[in-house]
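# Coordinate inspection notes
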Amino acid sequence: MGPNVLWLAEWTSQAVPLRPGMRVLDMGCGKAASSIFLAKEFGVAVWAADLWIKPSDNWPRIEAAGVADRVFPIQAEAHALPFAHDYFDVIVSFDAYHYFGADDLFLGYVAKFLRPGGRLCFVSPGVTEELPDGPPEMLRPYWEWEFCSFHSPAWWRRHWEKTGLVEVELADLLPDGWRHWLEWNEVCAEVGAGFDLTKESEMLRLDAGRTLGFTRVVAARRPSGK
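A brief structural summary. Just so we're clear, the structure is a prediction, and the values are computed from it rather than from any experiment.

### Describing the packing of helix α1 (residues 5-13) against helix α2 (residues 33-42)
- Where α1 meets α2, the axes come as close as 9 Å, and the angle between the chain directions of the two elements is 45 degrees. The angle between the axes of α1 and α2 places the two elements in the oblique class. Handedness of the α1/α2 crossing: right-handed. Residues Val5, Leu6, Ala9, Glu10 and Ser13 of α1 touch α2, and the partners they reach there are Ala33, Ser34, Phe37 and Phe42.
- When its residues are assigned to classes, the contact of α1 with α2 shows six nonpolar, two polar and one charged.

Structure follows, in structure tokens:
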């Protein structure tokens, strides 16, 4: 349900230690492809949480992938998670965190569900640097208001570090992320995915990575929460 989630999940796995038996929360899992990937590749147990995709829709995919004992689909809103505090070893989010995580208070909420030392990681569309005056002139015809949720790695680092709740281990941009994004759009167009990405693809070609890409941030919860 976005620029290929499996590519983003693989990129995440290069920065987050994942071991068999770990408990992982996949926030905004969509159709659970990322949850299935993590369970199959690393032997972790994954709670596949999404607000819009029903668990009963994801369950057949999970069963068909042979990970019914390791992937548990639930319906949940990001601000009302039905879990115990300190429960997860890792919390991940792919192409979703920017919709709810830019709030100043959200990190303090979601970090409660991580064990001390556990990792929080997301990959989402982002910008190379902040745009205080709006997008470059050449991108203005393509710019949607929702893009205000796109932030740079440096912005996310500051946003998380100022809380004192986590230690940011990594904040970077996916090399050639815009190319992956564009390739995904082109594949969707070829197979007739049911939505028109022509305008977005034109924007990505025109920008060529100068402004847009994918931001990855990894942080560990501080043992004392301070």
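### Some thoughts on the sheet that holds strand β6 (residues 166-173)
- Spatial strand order, β3-β2-β1-β4-β5-β7-β6: seven strands in an open sheet with mixed pairing. Bordering the open sheet on either side are β3 (71-75) and β6, each of which pairs with just one other strand. Here the strands of the sheet are splayed against their neighbours by 15 degrees on average, with no regard to which way each runs.
- With five bridges connecting them, strand β2 (residues 45-50) and β3 associate as parallel partners. Counterpart to Trp47 in the pairing with β3 is Phe72.
- Across the face of the sheet, helix α6 (residues 153-161) comes into contact with β5 (114-127), β6 and β7 (212-221) while running at roughly 170 degrees to β6.

### Topic: helix α7 (residues 177-191)
- Helix length check: α7, at 15 residues, gives a terminal C-alpha distance of 22 Å against a target of 21 Å (1.5 Å per residue), a fit within 8%.
- Restricting attention to buried positions, one finds in α7 the residues Gly177, Trp178, Trp181, Leu182, Asn185 and Cys188. Within α7, the buried residues cover an arc of 135 degrees as seen down the axis, which keeps them to one side. Turned more than 90 degrees from where α7 packs its buried face, Glu190 and Val191 sit exposed.
- For α7, the secondary structure elements touched by its buried residues are β5, α8 (198-207) and β7.
- After α7 finishes, the residue Gly192 shows a positive phi value of roughly 70 degrees.

### Quick word on the packing of α7 against α8
- Close contact between α7 and α8 brings their axes to 10 Å; oriented N to C, the two are set at 150 degrees. It follows that α7 is roughly antiparallel to α8 by the angle criterion. Taken as a pair, α7 and α8 cross one another with a handedness that is left-handed. Together, Trp178, Trp181, Leu182, Asn185 and Glu186 of α7 and Glu200, Ser201, Leu204 and Arg205 of α8 make up the contact between the two elements.
- Class assignment for the residues of the contact of α7 with α8 results in four nonpolar, two polar and three charged.

### Things to note about the packing of aromatic side chains
- Counted under the stated rule, the structure contains 23 aromatic pairs.
- Where Tyr97 meets Trp160, the ring centres are 5.9 Å apart and the plane angle is 80 degrees; that geometry is what we call edge-to-face. Note that Tyr97 is positioned in helix α4 (residues 97-100) and Trp160 in helix α6, a separation of 63 residues in sequence.
- The buried category is assigned to Tyr97, whose relative accessible area is 0%.
- Assessed through its relative accessible area of 0%, Trp160 is described here as buried.
- Three or more aromatic residues joined by ring pairs make a cluster, and in this case those are Tyr97, Phe100, Phe106, Tyr109, Phe113, Phe122, Trp155, Trp156 and Trp160.
- A cation sits over an aromatic face here: Arg23 above Tyr87, 4.2 Å from the ring centre.

Reading the values: the criteria
- Starting from 1, residues in each chain are numbered consecutively following that chain's sequence as written.
- Reporting of local features is limited, given that this is a predicted model, to residues whose pLDDT is at least 70; pairs of side-chain atoms are given and counted only at 80 or more, and all residues count toward the totals for whole chains, interfaces and linings.
- As a rule here, side-chain values cover all heavy atoms of the structure and leave hydrogens and water aside.
- A fitted line through C-alpha atoms serves as each axis, taken over the contacting stretch for helices, and the angle formed by two N-to-C directions is quoted from 0 to 180°.
- Numbering of helices and strands runs from the N terminus, with a helix taken as a DSSP run of H or I at least four residues long and a strand as a DSSP run of E at least two residues long.
- Note on terminology: angles under 35 degrees are roughly parallel, angles over 145 are roughly antiparallel, angles of 65 to 115 are roughly perpendicular, and the others are oblique.
- Handedness of each helix crossing follows the sense of rotation of the near helix against the far helix: counterclockwise by less than a right angle gives left-handed, clockwise gives right-handed.
- For this analysis, residues touch if any pair of their heavy atoms sits within 4.5 Å.
- The classification used treats Ala, Val, Leu, Ile, Met, Phe, Trp, Tyr, Cys and Pro as nonpolar, Asp, Glu, Lys and Arg as charged, and all other residues, Gly among them, as polar.
- A pair of strands counts as paired when DSSP detects no fewer than two bridges linking them.
- In a helix, the anticipated span is given by 1.5 Å times the number of residues less one.
- Each residue's exposure class comes from its accessible area (1.4 Å probe, protein chains only) as a fraction of the maximum for that residue type: buried when under 20%, exposed when over 50%, partly exposed otherwise.
- The directions from the helix axis to the C-beta atoms are what the arc is built from.
- The aromatic pairing rule takes the rings of Phe, Tyr and Trp, using the six-membered ring of Trp, and pairs them if the centres are within 6.5 Å, calling planes under 30 degrees apart stacked, those over 60 edge-to-face and the rest tilted.
- A positively charged side chain is recorded as over a ring if its NZ (Lys) or CZ (Arg) lies within 6 Å of the ring centre. The angle to the ring normal must also be within 35 degrees.

So far we have only geometry, and geometry alone does not tell us how the molecule works.
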